[in-house]
Amino acid sequence: MISHYLIVSAALFAIGAYGVLARRNLLIILMSVELMLNGVNVALLAFSRLHQNTQGQVFVLMVMGVAAAEVSVGLAILIAVFRNRKTVDTGDLKSLNG
Amino acid sequence: VFVAAALVTVGAGLLVVTQRNPIYSAMAMLASFMGLAVIYLRLEAPFLAAIHVLVYTGAILVLFLFVIMLLNLKPDELGGEYPLPTRFAIAGLCAGLFGLIAFPLSQDKRVFSPLAVSTNPDAGDFGSVVRVGTALFRDHALAFELISVLIMVAVFGGVLLAKRKL
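If you're wondering where the values come from, they're calculated on a predicted model, not measured in any experiment.

Draft legend 1. Spotlight on the overall build of chain A. Check the secondary structure of chain A and you find three helices and zero strands. Taking 2.2 N^0.38 as the reference for a compact globule, 98 residues should give roughly 13 Å; the C-alpha atoms of chain A span a radius of gyration of 17 Å, well beyond that estimate. Considering only C-alpha atoms, chain A reaches an extent of 50 × 25 × 20 Å along its principal axes. When burial is assessed residue by residue, chain A has 64% of its 98 residues classed as buried. Contacts spanning at least 24 positions in sequence make up 53% of the contacts within chain A whose residues lie at least 6 apart. Element-wise, carbon and sulfur atoms account for 66% of the exposed surface of chain A, whose accessible area totals about 3,400 Å².

Okay, structure coming up:
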């Protein structure tokens, strides 16, 4: 049944959202974003299977490409931040705090 | 098979966001990705399952582990966490979000119909490399090229950001 797959997808998305909101370690925030993207991928594949339409699988390939690009830039930013500030804690990064 | 894979995926996902040390999170993410690959296979997407293992565990997870080792954080450098009540409140909010999405979806009683068998042997089965490749390069060639430009820009940006001096 499609609802089982969609519930797994929703669970992954909610877990990722919790990780992004509640954690302060930049590495784990990036990992949580990956979890959210994977949750969306499961939903896309489930609907692709339901309608027997291959376009959903092409969509998932695009999402994977964007995820790879996002991770490479995100980790590069993390390295730059760590080099300048010696921290990976988002709570310590408040230079823009008025 | 599906229930086991779903439990592994969601349970490992919970471990990813609750572990304090990023290296344990990365290991839990590996288990989560393996469970996801099984779910992809159950959804008749063998090509996507293979690509998922290659890209996510082969590239993204290795990149994460590489950065974790590069930073080499001591336990006291891991940074603080929000106080426990705040985290419980956010967990409640996210559980509410999950309920809000999952409850209407659980009413969806549609089942997967058996796959249509193609009469043309060249067309390939659903989810096969032939079918996905045809859709990707015939109908979505522009999106494919744009993704390649995006990835190239991301590679240059990554080098530019991470390099100490150009």
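Draft legend 2. Focus on the packing of aromatic side chains. Applying the stated rule across the entire model yields three aromatic pairs over all chains. Between the aromatic rings of A:Tyr5 and B:Phe2, the centroid separation amounts to 4.4 Å while the plane-to-plane angle is 50°, which identifies the pairing as tilted. Residue A:Tyr5 is found in helix α1 (residues 2-22), and its partner B:Phe2 is found in helix α1 (residues 2-18); the two belong to separate chains. On the basis of relative accessibility, which here comes to 5%, the residue A:Tyr5 falls in the buried class. Taking relative accessible area as the criterion, B:Phe2 reaches 12% and is therefore assigned buried. A centroid spacing of 5.0 Å and a plane angle of 65° characterise the contact between B:Phe33 and B:Tyr56, whose relative ring orientation is edge-to-face. One end of the pair, B:Phe33, is in helix α2 (residues 22-42); the other, B:Tyr56, is in helix α3 (residues 46-71), with 23 residues separating them in the sequence. Residue class for B:Phe33 comes out buried when judged on its relative accessible area of 1%. The lysine or arginine in question, A:Arg24, covers the ring of B:Tyr82, its NZ or CZ lying 5.3 Å from the ring centre.

Draft legend 3. Spotlight on helix α2 (residues 26-51) of chain A. All names here are of chain A. Over its 26 residues, α2 runs 38 Å from end to end, which matches the ideal 38 Å to within 8%, given 1.5 Å per residue. For α2, the buried fraction is high: 20 of the 26 residues fall into the buried class. With a side-chain oxygen lying 3.1 Å from the backbone nitrogen of Leu-27, the N-terminal cap of α2 falls on Asn-25. A positive phi of about 50° marks Gln-52, the residue just after α2.

Draft legend 4. Representation of the interface of chain B and chain A within the structure. Across the contact, 80 residues belong to chain B and 67 residues belong to chain A. Looking only at chain B, the three residues that lose the most surface to chain A are B:Val17, B:Phe64 and B:Phe112, adding up to 10% of its buried area. For the pair chain B and chain A, the number of links is zero salt bridges. Applying the counting criterion to the chain B and chain A interface returns four residue pairs in polar contact (both at pLDDT 80 or more). Contributing elements (two or more residues each) for the side of chain B that touches chain A: α1, α2, α3, α4 (84-106), α5 (129-139) and α6 (141-162) of chain B. For the side of chain B that touches chain A, the element with the highest residue contribution is α3(B), accounting for 12 residues.

Draft legend 5. Spotlight on the layout of surface pockets. In this structure, the largest pocket encloses a volume near 290 Å³. The wall of the largest pocket is formed by 16 residues, among which A:Leu61, A:Gly65, B:Phe144, B:Ile147 and B:Ile151 lie closest to the centre. The element best represented in the lining of the largest pocket is helix α3 (residues 55-85) of chain A, accounting for five residues. For the lining of the largest pocket, the per-class residue count stands at 13 nonpolar, three polar and no charged.

How each quantity is defined
- Residues numbered from 1 in each chain as written.
- Chains lettered and ligands numbered in written order.
- Predicted model: local features only at pLDDT ≥ 70, side-chain atom pairs only at ≥ 80, totals over all residues.
- Heavy atoms only, no water.
- Helix = DSSP H or I, 4+ residues; strand = E, 2+ residues; numbered from the N terminus.
- Rg over C-alpha atoms; globule rule 2.2 N^0.38 Å.
- Buried < 20%, exposed > 50% of the residue type's maximum accessible area, 1.4 Å probe, protein only.
- Contact = heavy atoms within 4.5 Å.
- Areas by Shrake-Rupley, 256 points an atom, 1.4 Å probe, with all protein chains shown as cover.
- Phe/Tyr/Trp six-rings, centres within 6.5 Å; stacked < 30°, edge-to-face > 60°.
- Lys NZ or Arg CZ within 6 Å of the ring centre and 35° of its normal.
- Expected span 1.5 Å × (residues − 1).
- Polar contact = N/O pair within 3.5 Å; in protein donor to acceptor, adjacent residues only side chain to side chain.
- Buried area = accessible area lost by both parts, 1.4 Å probe.
- Salt bridge = Lys/Arg side-chain N within 4 Å of Asp/Glu carboxyl O.
- 1 Å grid on protein atoms, 1.4 Å probe; cavity = no way out; pocket = protein on both sides within 12 Å on 5 of 7 lines; lining within 4 Å.
- Points joined across faces, edges and corners; volume = space filled by probe spheres on them.
- Nonpolar A, V, L, I, M, F, W, Y, C, P; charged D, E, K, R; others polar.

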